[in-house]
Amino acid sequence: MKEVAYADVASLVGQEIGVSDWVEVTQERVNLFAEATGDHQWIHVDVERATKEIGGPIAHGYLTLSLIPMLGADILRVTGVTRGINYGCDKVRFTGMVRVGKRVRMRQKLLSAEPKSGGLQMKNECTIEIEGEERPACVAETISVIYGA
């Protein structure tokens, strides 16, 4: 994990910040996400049918996207921050399926860091990689705002 002071975040612009640890996408996680969102499509939750028809269940694309904050916590810690908010995404692409049982990790690059509403708006390129596969699961440009002490 990289640690940087709030005042020094802009010095990281244009750099790859780091890579998270691997996290397994389990059927339990997929089922819990289905419960939370109401998306019970069989390709995610019907293990028997998904195995027969498509080789096994796959994670929801939005589940993969929702892992970004957790995976990002392994990559960068900004000291001197009182709070942070998710401001949204500029671009999200789901480029590969995450099969249940696979492990994913995130590679993060800081694209920009600009003053915004008394804080610092950070735009990151987040690439969710699938272990053993060339094509990533997701590439997203995320935006957050952090506030210094």
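Residues numbered from 1 in each chain as written. Predicted model: local features only at pLDDT ≥ 70, side-chain atom pairs only at ≥ 80, totals over all residues. Heavy atoms only, no water.

By the naming in an unreviewed UniProt entry, the protein chain is MaoC family dehydratase, taken from Caulobacter segnis.

A.B. asks: Looking at this structure, I do not really get the overall build of the protein chain. What am I missing?
C.D. replies: Looking only at helices and strands, the protein chain features 5 helices and 8 strands. The order of helices and strands in the protein chain, counted from the N terminus, is β-β-β-α-α-α-α-α-β-β-β-β-β. In terms of its C-alpha atoms, the protein chain occupies a principal-axis envelope of roughly 55 × 30 × 20 Å. Across the 149 residues in the protein chain, those meeting the buried criterion constitute 37%. Of the contacts made within the protein chain by residues no fewer than 6 positions apart, 72% connect residues no fewer than 24 positions apart. For the protein chain, the accessible surface area stands at approximately 8,200 Å², while carbon and sulfur atoms represent 48% of it. (Helix = DSSP H or I, 4+ residues; strand = E, 2+ residues; numbered from the N terminus. Buried < 20%, exposed > 50% of the residue type's maximum accessible area, 1.4 Å probe, protein only. Contact = heavy atoms within 4.5 Å. Areas by Shrake-Rupley, 256 points an atom, 1.4 Å probe, with all protein chains shown as cover.)

A.B. asks: I'm lost on the nonpolar core in this one. Help?
C.D. replies: Most often, soluble globular proteins have nonpolar side chains that are buried together. Judged by nonpolar contacts, the single largest core of 31 residues is most densely connected at Val9, Leu76 and Ile128. When contributions to this core are tallied by element, the ones reaching two or more residues are α1 (27–37), α4 (61–66), α5 (68–72), β4 (76–79), β6 (103–116), β7 (119–130) and β8 (138–148). Sorting elements by how many residues they give to this core places β7 first, with 5 residues. Filtering out sequence-adjacent residues up to four positions away, Ile128 remains in contact with Thr64, Ile68, Leu71, Val104, Arg105, Met106, Pro136, Ala137 and Cys138. (Core = buried A, V, L, I, M, F, W, Y, C linked by side-chain atoms within 4.5 Å.)

A.B. asks: Hey, could you run me through the layout of surface pockets in this one?
C.D. replies: Regions of empty space are outlined by a rolling probe, equal in size to a water molecule, passed over the atoms. Taken as a whole, the largest pocket spans an internal volume of roughly 580 Å³. If you go around the largest pocket, you meet 22 residues; those closest to its centre are Ile68, Pro69, Gly72, Asn124 and Ser144. Of all the elements in the fold, those that place two or more residues in the lining of the largest pocket are α5, β4, β5 (81–94), β6, β7 and β8. Considering only residue class, the lining of the largest pocket consists of 14 nonpolar, 7 polar and 1 charged. (1 Å grid on protein atoms, 1.4 Å probe; cavity = no way out; pocket = protein on both sides within 12 Å on 5 of 7 lines; lining within 4 Å. Points joined across faces, edges and corners; volume = space filled by probe spheres on them. Nonpolar A, V, L, I, M, F, W, Y, C, P; charged D, E, K, R; others polar.)

A.B. asks: Can you walk me through the UniProt feature "domain: MaoC-like" (unreviewed entry) in the protein chain in this structure?
C.D. replies: The feature "domain: MaoC-like" (unreviewed entry), as given by UniProt, occupies residues 10–110 in the numbering adopted here. The span residues 10–110 is 34% helical and 32% strand by assignment, and the distance between its end C-alpha atoms comes to 9 Å. (UniProt positions renumbered as here; feature names shortened; annotations may be inferred.)

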